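# A closer look at the structure
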Amino acid sequence: AGHIDAVTLNGENIYMAGKMHGLVPAAGERYTSEDRSNSYFVVAVVKRDSAYAFTMDELHGKRSCHSSFGSPAGWDIPVGALIQRGFIRPKDCDVLTAVSQFFNASCVPVNNPKNYPASLCALCVGDEQGRNKCMGNSQERYYGYSGAFRCLVENAGDVAFVKHTTVFDNTNGHNSEPWAAELRSEDYELLCPNGARAEVSQFSACNLAQIPSHAVMVRPDTNIFTVYGLLDKAQDLFGDDHNTNGFKMFDSSDYHGQDLLFKDATIQVVPVGEKTTYRDWLGLDYVASLEGTLSQQCSGTARHGTSGDRPGRGRGTHTVTTPARARSQASPTRSASALPAAQRGLPNSLDAAERRPRRPIPRGLREMQDWDPRVTGTRADPSFA
């Protein structure tokens, strides 16, 4: 306790840190120079096939490809959206079984297969030797967002739930691997929540949700401007992956890791602007989708059948330390799948948790005479954002 002053979190952990502990965002990650909203979209990708055309409302009985169990764009948001729309109706809080019964077959790689329905691994192929099938890592060829898209490309599945960038990353010559080398982006379409189909370039109007980038979260008594100022100064010196100053903020390859301090895809740390609370940063659409999914957890049983240990969790966390002097100074577009404001009630299980006394948060910043930006970060499982 008392050693961590700031932590970089993904969407779900931002929600829990803000709701349960009162943490607030101090800075965010930007991934591409064109992405001014610091976020990405969750999309449902299908092949452009007039002979086998179906809509979002007709997903029941189809074959689905997912990046991994518990990943935001590959699992949390798609499943949450289908639950919100009433297509998936979990019984006894058993979301895994409900998903396995909704789709004909799926590939949902997972780290801990305990009580995992077999149909959620039915489309997975493992490595080149057929081993490690459905493993929640790169040994499974259909693991990850590119892997989920490959599952669609190779006709294993009918729909792939991925990021809006996934199709572009793997088509039109952007991926030289044999399975992707000849792919064209115009051969794929998006399923829209309103029942229409759209071009893959129309992701901002045809998506399941808009997911915010990772954010640096701090205690509410920390001066967020000081924290961002320190990070901004650091990125002036170390933000360029080709700098000669001896440290790279956004490239973990020299340190034998992945996404250690920030996601390696980050090109810049940006201020939060007016998004000074966890709900502001996440956006009402994302919060509604997340709470819809969390309402099905029933004390941790929802996403994994009857086991009390959710498989594959613990990712999306990076820790950083800032100087002691920091403390002393110390409206996203709505998507078609969002719930109306009147329906965005908190789930009972979370209400109960809110009424309990908050767990103590370490207070006080570590005393340091000079800030050393060559701090190390930790990430239990760097697989996904």
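What comes next is a walk through the structure. (Residues numbered from 1 in each chain as written. Predicted model: local features only at pLDDT ≥ 70, side-chain atom pairs only at ≥ 80, totals over all residues. Heavy atoms only, no water.)

## Quick word on the overall build of the chain
Within the chain, the secondary structure is distributed over ten helices and twelve strands. For the chain, with 385 residues in total, the buried portion stands at 56%. Summed over all atoms, the accessible surface of the chain reaches about 16,900 Å², with 49% contributed by carbon and sulfur. (Helix = DSSP H or I, 4+ residues; strand = E, 2+ residues; numbered from the N terminus. Buried < 20%, exposed > 50% of the residue type's maximum accessible area, 1.4 Å probe, protein only. Areas by Shrake-Rupley, 256 points an atom, 1.4 Å probe, with all protein chains shown as cover.)

## Thoughts on the state of the cysteines
Counted according to the given criterion, the structure contains four disulfides. The disulfide partner of C107 is C124, and the S-S distance across this bridge is 2.0 Å. Because the sign of the S-S torsion sets the handedness, a value of about 105 degrees for the bond joining C107 and C124 places this disulfide among the right-handed ones. Taken together, the residues span a long stretch of sequence, with C107 in strand β5 (residues 105-107) and C124 in the loop between β5 and α4 (144-153) at a distance of 17 residues. The same class applies to C107 as to C124, namely buried. Bridging C192 to C206, the disulfide has an S-S length of 2.1 Å. Its S-S torsion of approximately -115 degrees makes the covalent link between C192 and C206 left-handed. Within this pair, whereas C192 is found in the loop between β7 (188-191) and β8 (197-199), its partner C206 is found in the loop between β8 and β9 (209-212), the two being separated by 14 residues in sequence. (Disulfide = S-S within 2.5 Å.)

## Structural notes on the pattern of salt bridges
Counted under the stated rule, the structure contains 13 salt bridges. One salt bridge in this structure joins R85 and D57, with 2.9 Å as the shortest N-O distance. Here the residue R85 occupies a position in the loop between α2 (72-84) and α3 (95-102), and D57 occupies one in the loop between β3 (39-47) and β4 (63-66), the gap between them amounting to 28 residues. The class for R85 is partly exposed, based on a relative accessible area of 30%. Judged by its relative accessible area of 42%, D57 is partly exposed. Note that D158 is salt-bridged to R63, the shortest N-O span being 2.7 Å. Taken together, the positions of D158 in the loop between α4 and β6 (159-163) and R63 in strand β4 put the pair 95 residues apart, joining distant regions of the chain. Under the relative-accessibility criterion, D158 is labelled buried at 9%. (Salt bridge = Lys/Arg side-chain N within 4 Å of Asp/Glu carboxyl O.)

## A word on helix α6 (residues 224-238)
Note on helix geometry: an α-helix contains 3.6 residues per turn, so any two residues three or four positions apart are oriented the same way. Here α6 is 15 residues long and its end C-alpha atoms lie 20 Å apart, about the 21 Å a rise of 1.5 Å per residue gives. The opening residue of α6, the one whose side-chain oxygen lies 2.9 Å from the backbone nitrogen of F225, is N223. (Expected span 1.5 Å × (residues − 1). Polar contact = N/O pair within 3.5 Å; in protein donor to acceptor, adjacent residues only side chain to side chain.)

## Quick notes on the pairing of β9
Burial of β9 is two-sided: the residues A209 and I211 facing one way and the residues Q210 and P212 facing the other way are all buried. Sheet topology note: the β3/β9 ladder contains four bridges and is antiparallel. Along β9, the bridge assignment pairs S39 with P212. (Pairing = 2+ DSSP bridges.)

## Some thoughts on the packing of aromatic side chains
Within the structure shown, the criterion is met by 13 aromatic pairs. Relative to W179, the ring of F149 lies with its centre 6.3 Å away and its plane at 65 degrees, an arrangement referred to as edge-to-face. You can see F149 sitting in helix α4 and its partner W179 sitting in the loop between α5 (166-169) and β7, a full 30 residues away along the chain. Residue W179 is classed as buried on the basis of its relative accessible area of 13%. Between F247 and Y255, the ring centres sit 6.0 Å apart and the planes meet at 45 degrees, which makes this aromatic pair tilted. Note on F247: relative accessible area 7%, which makes it buried. (Phe/Tyr/Trp six-rings, centres within 6.5 Å; stacked < 30°, edge-to-face > 60°.)

## Let's talk about the nonpolar core
By size, the foremost hydrophobic cluster in this structure holds 96 residues, and its most contacted members are V45, L59, W75, Y116 and F149. Looking at this core element by element, the count peaks at seven residues for β3. (Core = buried A, V, L, I, M, F, W, Y, C linked by side-chain atoms within 4.5 Å.)

## A word on the environment of N13
Tracing the sequence through the fold places N13 in helix α1 (residues 11-21). A residue is classified by how much of its surface remains accessible, and N13, at 24% relative accessible area, is partly exposed. A sequence separation of 201 residues divides N13 from H214, and the C-alpha atoms of the two residues are 9.4 Å apart.

## Observations regarding the environment of D285
Along the chain, the position of D285 falls in helix α8 (residues 284-294). Assessed through its relative accessible area of 5%, D285 is described here as buried. Taking the C-alpha atoms as reference, D285 lies 9.4 Å from L208; in sequence the two are 77 residues apart.

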